[in-house]
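# Observations on the model geometry
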Amino acid sequence: MELRLGRHEYGGNRCKMTTHPQYRIGLGHDTHRFTAGDHLQLGSVRVPADRAFLAHSDGDVLIHAIMDALLGAAALGDIGEMFPDNDPANRGRDSAEMLRQVKKLLDERNWKIINLDCIVFLQSPKLGPYKAEIQSRLAMILDLEPTQIGVKAKTGEGIGFIGREEGASAECVALLQSRDL
Ligand code: MG
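Residues numbered from 1 in each chain as written. Predicted model: local features only at pLDDT ≥ 70, side-chain atom pairs only at ≥ 80, totals over all residues. Heavy atoms only, no water.

It is worth spelling out the overall build of the protein chain at this point. Within the protein chain, the secondary structure is distributed over five helices and ten strands. Relative to its full complement of 181 residues, the protein chain shows a buried share of 43%. Within the protein chain, residue pairs in contact and separated by at least 24 positions form 67% of the contacts whose partners lie at least 6 positions apart. (Helix = DSSP H or I, 4+ residues; strand = E, 2+ residues; numbered from the N terminus. Buried < 20%, exposed > 50% of the residue type's maximum accessible area, 1.4 Å probe, protein only. Contact = heavy atoms within 4.5 Å.)

Residues His39 and Gln41 point to one face of strand S5 (residues 39–42) and Leu40 and Leu42 to the other, with burial holding for every one of them. In this sheet, strand S6 (residues 45–48) lies alongside S5 in antiparallel orientation, the contact comprising four bridges. Looking at the pairing, His39 lines up with Pro48 of S6. (Pairing = 2+ DSSP bridges.)

Moving on, we come to the sheet that holds strand S4 (residues 23–35). Spatial ordering of the open sheet is given by S7-S4-S10-S8-S9, a layout of five strands whose pairing is mixed. At either margin of the open sheet sits one strand with a lone partner, and together these are strand S7 (52–54) and strand S9 (149–154). Shown here is a sheet whose adjacent strand axes are inclined to one another by a mean of 30°, direction ignored. Bridge count for strand S8 (residues 111–121) against S9 is six bridges, and the pairing is parallel. Following the sheet pairing, Ile119 is matched in S9 by Lys152. Against the sheet, helix H4 (residues 131–142) makes contact with S8 and S9, and its axis sits at roughly 140° relative to S9, the strand it touches most. (Axes fitted to C-alpha atoms, helices over the stretch in contact; angles between N-to-C directions.)

In structure tokens form, the structure reads like this:
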């Protein structure tokens, strides 16, 4: 049975968009514990702190969440598959460089990033003074405008592992548009 609804054609289990661009959303999440140190790497920005992320790479939870959102939207797996933590090549690796590789993969598959919206969950320090720099830095890496990247910060209200300052998390949603019509 073929059913026509507006410009979309539904036939069997197919749903082919004939004139509309194809959009995909993706969701990413990441968490890292703290260890001794003097800064937190967030969105490729060095945020001074009395601690650091305990991680195989540089522990940039924000970029890790962004990469998983982008890979998820394009159904290209996750960062654990792309950058295994048992591969010595990924030890101490710069997350910005990994994000560039994810962007390259999206470009090769004809996916254009429409926007990202992100939340960093961190009790302290306050991220307010660093948000604009994080937006600019991420925009530069992804060849976007800063206005295409939302960066928000939430504390843990003093409860849970965020509130107890045991670690930090980040979440990201990404919207992609296919260049193939
Ligand atoms: Mg991570």
